[in-house]
Structures are given as C-alpha cells and as structure tokens.
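# Remarks on the overall topology
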Amino acid sequence: KLSGVEVEGVPKAKQLFKIVPEMTEETFSDFRQRLYEDPDQEVSREFLRKRGFWLPDQLEELPIGAWGGKIIFAQHSQEGRLLKRCRVYDPFPLNGSPKWSWNKVKKETGRTVGFWPFSETNTKADLDVDMLLCEGEWDALAALLILQMRSRKWIVQTWTGGGGAPIPPDAVQEWMRN
C-alpha cells in the first residue's frame, strides 16, 4: 500500500512513467476518458475514491483527467482557451520525484499559471457572488465535491502558481474584483 492505496499487482501500462504530452482538445478528451474508463487508471480512481473525490457526475464538470497513473489538471487562459501546459499530480512518485509538476512542453507566451478550475459560467457571474480561494487543487476539489460549494452558489478557485506565490494584480479578472 502506498498512501492508503493498494498497488500490489497493478499492471504497468505502456504509458506509465512517460512524460505527459502537450495538452490539446484531443489529448484532454483522451485523458478525461481514461480517468473514467481505462483499466490502467484504476490506481488514479482508487486514489480519488480514498479521499472522497470519486464522484464521477461532478468530476465530469471539472477539467481533470488521468494518464500514466497520474492525475491531470487542465489549465485554461483567462479567456477560456485550453493551454498546452497542464498540472500533473503523481500520487506515487518514484526516486524522490515531486508529486506536483507541470507537463514538459514549450512554454506558451503569456501567463501559464492562473486560477483553476476555469468555468465560463464564472466569468458571467453576478458581481454580488461569494468566492472561495483555496490553497490548491485538492482543497478546491474538497470545496466543490464534498462541501458542494457550487450548489450553494459559491465560486471556488485556486491559484496554480503555488501557495507561497503572490497573485499578480493583472491575473485577477474583472469579475473577481468586486
């Protein structure tokens, strides 16, 4: 067991331990499908289950997927464009590798860190809306999935630049300022 998840006998898939590819609409769709259906991603599903995050109907609304035993968090620009870079969480890193990383792609111009999860409905929110800014993706998932903050009309976001990184003023979108 690693972190409370049984991994004995888990088959090593061909893509396991390979570098996460550039995020495109096609790869994002593939990663989402893998999270729900790929037998090789059972370790990712079990990891989410153990933490109370395996709620497929709600997860489908979020930019999250799986690949190579890792959990993928898709990133979007402020305008909603899918970015090539994505956040990668490895629940069982080997040889001192970090749990959190970015996929290794050529950095795009402009900001590649931002608020997660992107939701077009957030940009159209009333100015009088409650917002919860979380420490990271896991806290945001807890607020969204377990505490059901969306159903309470709260917008939940996290900054992907790291807990110790200040949020640049120009990254705060107009709808967030009030």
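Predicted model only: the values in this text are computed from it and were never measured.

## A word on the overall build of the protein chain
When its secondary structure is counted, the protein chain shows 5 helices and 7 strands. Taken from the N to the C terminus, the helices and strands of the protein chain come in the order α-α-α-β-β-β-β-β-α-β-α-β. For the protein chain, with 178 residues in total, the buried portion stands at 45%. Within the protein chain, contacts between residues separated by at least 24 positions form 62% of all contacts whose residues are at least 6 apart in sequence. Accessible surface, the protein chain as shown: approximately 9900 Å² in total, 51% of it carbon and sulfur.

## Description of the pattern of salt bridges
For the structure shown, the criterion picks out 8 salt bridges. Measuring nitrogen to oxygen at the nearest pair gives 2.8 Å for the salt bridge that ties Asp30 to Arg34. Of this pair, Asp30 and Arg34 both sit in helix H1 (residues 25-37), 4 residues apart, which is roughly one turn of that helix. For Asp30, a relative accessible area of 27% translates into the label partly exposed. Arg49 is the partner of Glu46 in a salt bridge, and the nearest nitrogen-oxygen pair spans 2.8 Å. Of this pair, Glu46 and Arg49 both sit in helix H2 (residues 42-50), 3 residues apart, which is roughly one turn of that helix. For Glu46, a relative accessible area of 23% gives the class partly exposed. We classify Arg49 as partly exposed; its relative accessible area is 36%. Salt bridges sharing partners connect three or more residues here, namely Glu42, Arg45, Glu46, Arg49 and Lys50.

## So, the confidence of the model for the protein chain
Of all residues in the protein chain, 82% attain a pLDDT of 70 or more, and the chain-wide mean is 83. Considering only residues more than four positions removed or in separate chains, one finds that residues 8-17, a stretch of pLDDT under 50, has 13 contacts.

## Side note on the pairing of strand S6 (residues 130-134)
In summary, the side chains of a regular strand alternate between the two faces of the sheet. Across 5 bridges, the pairing between S6 and strand S7 (residues 154-159) is parallel. Bridge assignment links Met131 to a residue of S7, and that residue is Ile155. Where the polypeptide runs from S6 across helix H5 (residues 137-146) and back to S7, its parallel neighbour, the crossover connection is right-handed.

## Notes on the side chain of Ser44
Tracing the chain through its elements places Ser44 in helix H2. If sequence neighbours within four positions are ignored, Ser44 has contacts with Ala66, Gly69, Lys70 and Ile71.

## Description of the nonpolar core
Nonpolar side chains tend to gather and get buried jointly when the protein is soluble and globular. Counting residues in hydrophobic clusters, the biggest one holds 24 residues, and the most contacted among them are Leu48, Leu59, Ile64, Ile71, Phe73, Trp138 and Leu141. Contributions of two or more residues to this core are made by H2, strand S1 (64-67), strand S2 (70-76) and H5. Take this core: its biggest share by element is 6 residues, from H5. Residues in contact with Ile64, not counting those within four places in the same chain, are Phe28, Arg32, Leu35, Leu59, Ile71, Ile72, Phe73 and Leu141. The next biggest cluster of nonpolar side chains, apart from the first, holds 10 residues, and it includes Val20, Ile72, Ala74 and Val88.

## Re the sheet that holds S6
Taking strand neighbours across the sheet as the criterion, the 3 strands line up as S5-S7-S6 in an open arrangement whose pairing is mixed. Strand pairing shows two members of the sheet lacking a second neighbour, strand S5 (115-116) and S6, which therefore form its edges. As paired elements, S5 and S7 share 2 bridges and run antiparallel to each other. Across the sheet, Trp116 pairs through a bridge with Thr158, a residue of S7. Strand contacts of H5: S5, S6 and S7, with the helix running at about 170 degrees to S7, the strand carrying the most contacts.

Conventions used here
- Residues numbered from 1 in each chain as written.
- Predicted model: local features only at pLDDT ≥ 70, side-chain atom pairs only at ≥ 80, totals over all residues.
- Heavy atoms only, no water.
- Helix = DSSP H or I, 4+ residues; strand = E, 2+ residues; numbered from the N terminus.
- Buried < 20%, exposed > 50% of the residue type's maximum accessible area, 1.4 Å probe, protein only.
- Contact = heavy atoms within 4.5 Å.
- Areas by Shrake-Rupley, 256 points an atom, 1.4 Å probe, with all protein chains shown as cover.
- Salt bridge = Lys/Arg side-chain N within 4 Å of Asp/Glu carboxyl O.
- pLDDT = per-residue confidence, 0-100.
- Pairing = 2+ DSSP bridges.
- Right-handed = clockwise from strand over helix to strand, strands pointing away.
- Core = buried A, V, L, I, M, F, W, Y, C linked by side-chain atoms within 4.5 Å.
- Axes fitted to C-alpha atoms, helices over the stretch in contact; angles between N-to-C directions.

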